[in-house]
Amino acid sequence: MKEIRVGLVGYNFMGRAHSNAYRQIPFYWPELPAMPVMKVLCGRTKGRTEAEAQRLGWSEVTHKFGDLLARDDIDLVDITAPNNQHAELIAQAAEAGKHVFCEKPLATNLADAKAALKAVKKAGVIHMICHNYRRAPAISLAKQMVDSGLLGKIYHWRALYLQDWLLSPEVPMMWRVQKKIAGSGSLGDLMAHSIDLALWIVGDINSVASTMETFIKKRPKQESFDTGLGGKAKAGAPMGKVDVDDGVIALARFANGALGTFEATRFAAGRKNYNTFEVNGEKGSIRFNLERMNELEYFNAEDDDDTAGFRVIPATQDSHPFMGLPGGGPRYWPVAHILGYEHTFINTIADLMVAVAKKKIPWPNFADGVKTQAVLEACGMAAENGAWVKVPQVKI
Ligand code: SOE
């Protein structure tokens, strides 16, 4: 069995989600042409990295990215470090001839995202951006339904990605609220997912309008560089200035004539991971809500009026995307025994293993990441100028 030897950068939320996926691949995806080997965890903090390697299942540890790249027993570098490190780490990994998997967003600005794409194309390595939600079975089903023409011409895309973990002013200044590290706030952290799904399911976006606000402008500084969500600073900690958006709303015009609305915030009390979208077409509508991730709502405009209504499709049949084994039977569990957040990463990394084994660029790759970054950048400019902005059409 071919092995794909992996080096992971970072061990916080996304590092844990990726580590779990590598561990689960042999169990749920036994038929793959290659299996991941969890070789090296790369982290700056001595002690913490060793402890996390032990906990997450990595065989070795390094504290220097250059040492990881110098190894000839590493095939794939997986980057879950904060956003401002992505482009540089990608460029170095590509130059070292390593295949690259990177968390979203690709970079903190369009120029860096383009440079990252250029680096991997020049090196001829496999590259994939981790927009894990595409491989939630119900979202892939939505894509299939739109592509099949079931909804007909698409008129509207409507996405909300709402969380509430920044509601308290006591939540400290972690990297996700620092522009120099994150690039933006809810825009790049959450709306990036909605934009990626919109580009994938509806199509290219021509222009956007946008408005943003920073609701809590100062937060207590953290002592440790803790990149978790939430957390508390020490009493009496000095205050730092928040320079990213806490909430963002955007309008979009798609190239195919559809209209889009997007909203992202981490201040929507009660919304915990409310990643939703709705597509309205001439022949019907579909709606997805991550907090009910195994279901897809569907309205067929051709149903008789007296029985018409949104129906709930449980996307848990073996025939649904990612749910069945090639030879028949359930990949995970029998129908309606539902999946979770972690399965979106398992499905994503399974396809990454195939891409690396077959040297075939997967979806979404860094070209998709650049397209999303172009929309993110246009939203930032539109909010600054208070006017519609054309999305830079990037040559892929
Ligand atoms: C925090 O808002 C976050 O962890 C995002 O960074 C992830 O991309 C999203 O999947 C869950 O929420």
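What counts, and at which threshold
- Residues numbered from 1 in each chain as written.
- Predicted model: local features only at pLDDT ≥ 70, side-chain atom pairs only at ≥ 80, totals over all residues.
- Heavy atoms only, no water.
- Helix = DSSP H or I, 4+ residues; strand = E, 2+ residues; numbered from the N terminus.
- Expected span 1.5 Å × (residues − 1).
- Polar contact = N/O pair within 3.5 Å; in protein donor to acceptor, adjacent residues only side chain to side chain.
- Pairing = 2+ DSSP bridges.
- Axes fitted to C-alpha atoms, helices over the stretch in contact; angles between N-to-C directions.
- Contact = heavy atoms within 4.5 Å.

(A) Summary view of helix α10 (residues 366–385). With 20 residues, α10 should reach 28 Å at 1.5 Å per residue; the first-to-last C-alpha distance of 28 Å fits that figure. With a side-chain oxygen lying 2.9 Å from the backbone nitrogen of Ala 367, the N-terminal cap of α10 falls on Asn 365. Remark: Gly 386 follows α10 within two positions and exhibits a positive phi of approximately 65°.

(B) Seen up close, the sheet that holds strand β6 (residues 127–130). Pairing within the open sheet is parallel, and its 6 strands lie in the order β3-β2-β1-β4-β5-β6. Strand pairing shows two members of the sheet lacking a second neighbour, β3 (60–62) and β6, which therefore form its edges. Strand-to-strand twist in this sheet, taken as the mean axis angle between neighbours without regard to direction, amounts to 25°. Across 8 bridges, strand β1 (residues 2–9) lies against strand β2 (residues 34–42) in parallel orientation. The partner of Val 6 across the bridge, within β2, is Met 38.

(C) A look at the sheet that holds strand β17 (residues 389–390). Spatial ordering of the open sheet is given by β16-β15-β14-β13-β7-β12-β11-β8-β17, a layout of 9 strands whose pairing is mixed. For this open sheet the edge positions go to β16 (311–314) and β17, each flanked by a neighbour on one side alone. Here strand β13 (residues 274–281) pairs with strand β14 (residues 284–289) via 6 bridges, running antiparallel. Residue pairing for β14: Thr 276 is matched across the bridge by Asn 289. Helix α8 (residues 186–201) rests against β7 (154–162), β8 (205–213), β11 (247–254), β12 (259–265) and β13 of the sheet, and its axis sits at about 155° to β12. Where α10 meets the sheet, its contacts fall on β8, β11 and β17, and the angle it forms with β8 comes to roughly 55°.

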